[in-house]
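Listed below are the residues making up each chain.
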Amino acid sequence: MRREAPDPSLAYRPNLEKNDNTDYRIFGGSRQSVSEEQHSSCKYFITMRVISIGPDPSLAYRPDLEKNENKVKEDYRNFETGSLIDRVFRTYKLMHTNQTLDFVKKKHYEWSGCSHSQMGIMDAVMSLDQVVDESDPDVDFPNSFHAFQTAEGIREAHPDKDWFHLVGLIHDVGKIMALWDEPQWAVVGDTFPVGCKYQNSVVFRDTTFLENPDDKDPRYNSEYGIYEPNCGLDKVLMSWGHDEYLYRVLKFNKCQIPEEGLYMIRFHSFYPWHTGGDYMHLCNDKDLSMMPWVQEFNKFDLYTKTTNMPDVDELKSYYQSLIDKYCPGILKW
Ligand SMILES: O[C@H]1[C@H](O)[C@@H](O)[C@H](O)[C@@H](O)[C@H]1O
Ligand SMILES: [Fe+2]
């Protein structure tokens, strides 16, 4: 949704709630466990530097913002309860009703030419000051902060992989489509293949697809639908959103991000696959070898979502140097 007000901190977070009492990581009724290994790799966000006051308007204007620095893993991705649940459900209901094979083909046609705008990556990241993701139960602040949170988490755990830091920063930049009049249900949220059966690990699977025509269409509602066994995710059409869009933009502009990074960008919202373990029958060997990278990325994408706000102004020059190295100059969007 387009955001009009100049100061996102006031306009978009009128009542961020404490989530001390939230329920555990729930996906359509079933809990997903988190391994010890995953757990220990998350210590970075406890040490991430936090500013108490200063250039970050979110803290300056929200002195009573409820803190959740101590959020534990089980508190994330609660799709049953919580202060944002109505907004989240509404977004997924629209998405799961309207994302059909035809719709996705139309969006590919509309966006793949990268003829909407021209700008550098940092400007695109900062434009996410104007976007609050309405599908996300864990974030009620502008996406630009989440970009730096993710990047800094990765930087701390993988200091030697500068391309990975950059991927953290830019992975959600495709959400800029929301500022160009694309509805949020065609921009944000978990993705899933269209043209074949919607699997059970898709969030709200039982309640949100009832009016999706593809769900009743025998061409599209079988296990494989329009796809060949193990055809590879590159051949699968995913619900349209920011993952695929940014992937296309980076390819179009011939950015030099390694293949692992491109996979992270393209499939980071494909929770039914990287976390749910579904859709393996569509994967080829390359997908399987890339999956651990996507999962590694996911730890930082998800578990750095706290009310610890990074000092964006101070971090910008480091990230600009990575942009200059891997995807310099003005890009076509
Ligand atoms: O990968 C994430 C995840 O799916 C979140 O739940 C969603 O809100 C975001 O839009 C997406 O980028
Ligand atoms: Fe994302």
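Rules used throughout
Residues numbered from 1 in each chain as written. Chains lettered and ligands numbered in written order. Predicted model: local features only at pLDDT ≥ 70, side-chain atom pairs only at ≥ 80, totals over all residues. Heavy atoms only, no water. UniProt positions renumbered as here; feature names shortened; annotations may be inferred. Helix = DSSP H or I, 4+ residues; strand = E, 2+ residues; numbered from the N terminus. Buried < 20%, exposed > 50% of the residue type's maximum accessible area, 1.4 Å probe, protein only. Contact = heavy atoms within 4.5 Å. Polar contact = N/O pair within 3.5 Å; in protein donor to acceptor, adjacent residues only side chain to side chain. Core = buried A, V, L, I, M, F, W, Y, C linked by side-chain atoms within 4.5 Å. Salt bridge = Lys/Arg side-chain N within 4 Å of Asp/Glu carboxyl O.

Colleague: Explain the UniProt feature "binding site: Fe cation" (unreviewed entry) in the chain to me, using residue names and the numbers behind them.
Modeller: What UniProt calls "binding site: Fe cation" (unreviewed entry) maps, in this numbering, to His146, His171, Asp172, His242, His268 and Asp301. As for its placement among the helices and strands, His171 is situated in the loop between helix H9 (162–170) and helix H10 (205–208). By relative accessible area, which is 0% here, His171 ends up buried. Ignoring anything within four residues of it in the chain, the contact list for His171 reads His146, Thr150, His242, Leu246, Ile265, His268, Phe297 and Asp301. In this fold, His242 is placed in helix H11 (residues 242–252). Not counting residues up to four positions away in its chain, the partners in contact with His242 are His171, Asp172, Gly174, Lys175, Met177, Val187, Val188, Gly189, His268 and Ser269. Polar side-chain contacts of His242 include one of 2.6 Å to the backbone oxygen of Val187.

Colleague: Account for the nonpolar core, naming residues and giving values.
Modeller: With 89 residues, the main nonpolar core has Leu169, Ile170 and Trp333 as its most contacted residues. Excluding residues within four positions of it along the chain, Ile170 makes contact with Ile121, Val125, Leu246, Leu250, Ile257 and Ile265.

Colleague: Can you break down the environment of Leu250 residue by residue, with the values?
Modeller: Along the chain, the position of Leu250 falls in helix H11. Residue classification places Leu250 among the buried positions, given a relative accessible area of 1%. C-alpha of Leu250 to C-alpha of Leu331: the two residues are 81 residues apart in sequence and 8.4 Å apart in space.

Colleague: Which residues make up the pattern of salt bridges, and what values do they have?
Modeller: Inspection of the entire model under this criterion finds 20 salt bridges. In this structure, the salt-bridge partner of Arg155 is Glu152, at a minimum N-O distance of 2.8 Å. With a gap of three residues between them, Arg155 and Glu152 both fall in helix H8 (residues 143–157), about one helical turn apart. Residue Glu152 is classed as buried on the basis of its relative accessible area of 16%. Two residues, Asp217 and Arg219, come together in a salt bridge whose shortest N-O distance is 2.7 Å. Look at Arg219 and you get exposed, because its relative accessible area is 54%. Linked by salt bridges that have partners in common, Asp234, Glu244, Arg248 and Arg266 make up one network.

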